[in-house]
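Chain and residue survey
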Amino acid sequence: MSCSRRSLAVLTLLLVAALAAAPAFGSAIIGRDVSRATLSIDDQGQAHVRYRSGGRERYVTAWGAINALAPSTKRAQVKFKFHYGLKGTGVCLPYDGPPLAWVIKACKSRDGSYWALQEWVRLKPNYGGTTGAKELHLSHWSGPLPVLTVYQNWAHKKYRHMFGRLTYDGVGVYGFKATGNGAPLDSYGRNIYVDTFNSRYGKGWHRENSFLTHHRGHTLGDFCYGFFPHFGHPPGKGTKYRATAKGPGVTPDVMWAAGDIGRYRAGVQATQQALERSYGDPKCRT
């Protein structure tokens, strides 16, 4: 993505996925705006989730998927099988895996793999949104988590800019088809959801934007974004930022957070520009 104002404004028109209902691919959305969610795993390796929604207690059993496949046009990404309404029992062995973002319950199963429930507001209006449905996500994995790497620098010496990669098992996470507003149309695509804190949108966390990882011409899962004024909205510079992505396949969602990089420094900019350009992504050139 070019970081000129003109090219970024054009691309932003294509990247308003936070206002679109994305297809339900990948790590599972169990429900929205639920409460009292619990998780247990039975001896057959099936997960049993219980929660309350619409004033009722509900149940779902999930099985049949773990981890994620590398992006491919020849086969679909792994996904769970579900039986809604099926009540089951199991255990939740103490979790001893890596730290998780947005986690409300994590379990180790008898085979040594992990299951987790995470809950966060994925879809908010871009450029200042604060509200949306809180989604309950289920994941199942063994081994390392996906990695969301984000760096900061500047565009035109004054606007905040971020760039980075989403990877899993050393391979970029990206899809092959998407709608015109950035919602993935295959089981591999992923958006990065960026929030800004104490910005001109107001106090607290506000959604800045959401955008797809890149895939054309390279296979690294790159992305980049400039905090320019957009369509009459002020620049979203804040005192700190966070970025969240759904994990590929049925792996956990991952989140990055950091304070603002601060005033422009030529030496830091040169280092960050060299790193960004080393990715070889023609869309990302500050």
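Scroll up a little and you will see the structure.
On a predicted model such as this, the values are computed, not experimentally measured, just so you know. (Residues numbered from 1 in each chain as written. Predicted model: local features only at pLDDT ≥ 70, side-chain atom pairs only at ≥ 80, totals over all residues. Heavy atoms only, no water.)

Observations concerning the overall build of the protein chain
A tally of helices and strands in the protein chain yields two helices and 16 strands. Taken across its 286 residues, the protein chain has 51% of its residues classed as buried. Within the protein chain, counting contacts between residues at least 6 apart in sequence, those at least 24 apart form 61% of the total. (Helix = DSSP H or I, 4+ residues; strand = E, 2+ residues; numbered from the N terminus. Buried < 20%, exposed > 50% of the residue type's maximum accessible area, 1.4 Å probe, protein only. Contact = heavy atoms within 4.5 Å.)

Examining the environment of L212
Looking at the element boundaries, L212 is found in strand β13 (residues 202–212). Each C-alpha atom, one on L212 and one on A183, is 7.9 Å from the other, the two residues being 29 residues apart in sequence.

Concerning unusual backbone geometry
Phi at K157 is positive, roughly 65°, even though this residue is not glycine. Among the structural elements, K157 can be located in the loop between β9 (147–155) and β10 (159–168). Non-glycine residue D169 carries a positive phi angle of around 55°. Among the structural elements, D169 can be located in the loop between β10 and β11 (171–172).

As for the pairing of strand β8 (residues 134–141)
The side chains of a regular strand alternate between both faces of the sheet. Extensive coverage of β8 is indicated by the burial of seven of its eight residues. Pairing geometry for strand β1 (residues 28–32) and β8, over four bridges, is antiparallel. Pairing of R32 across the sheet is with E135, part of β8. Strand direction decides the pairing type here: strand β7 (residues 114–121) and β8, joined by eight bridges, are antiparallel. Bridge pairing in β8 places A116 opposite S139. (Pairing = 2+ DSSP bridges.)

What about the side chain of N126?
Within the secondary structure, N126 is located in the loop between β7 and β8. For N126, a relative accessible area of 8% translates into the label buried.

Some points on the nonpolar core
Note that soluble globular proteins tend to have their nonpolar side chains buried in a common cluster. Of all hydrophobic cores here, the largest spans 20 residues; its most connected members are L148, M162 and I192. For this core, the elements supplying multiple residues, two or more each, are β9, β10, β12 (191–199), β14 (222–226), β15 (240–245) and β16 (254–259). Non-local contacts of M162, meaning those with residues more than four positions away in its chain, are made with V150, Y151, Q152, V194, F223, C224, Y225, F227, Y241 and W256. In terms of nonpolar packing, the next biggest core, distinct from the first, is built from 18 residues, A28, I41, Y51 and L138 among them. (Core = buried A, V, L, I, M, F, W, Y, C linked by side-chain atoms within 4.5 Å.)

A few points about the packing of aromatic side chains
Per the stated rule, a full pass over the model turns up 20 aromatic pairs. An aromatic cluster is built from F211, F223, Y225, F227 and Y241, whose rings are joined through pairwise contacts. Note that R242 overlies the ring of W205, its terminal NZ or CZ placed 4.2 Å from the centroid. (Phe/Tyr/Trp six-rings, centres within 6.5 Å; stacked < 30°, edge-to-face > 60°. Lys NZ or Arg CZ within 6 Å of the ring centre and 35° of its normal.)

Looking at the sheet that holds β12
Ordered by their spatial adjacency, four strands build an open sheet running β13-β12-β15-β16, and the pairing between neighbours is antiparallel. Strands at the two margins of the open sheet, each flanked by one partner only, are β13 and β16. The sheet shows a mean angle of 20° between the axes of neighbouring strands, direction not considered. In terms of strand pairing, β12 meets β15 through five bridges, oriented antiparallel. What sits directly across from Y193, in β15, is T244. (Axes fitted to C-alpha atoms, helices over the stretch in contact; angles between N-to-C directions.)

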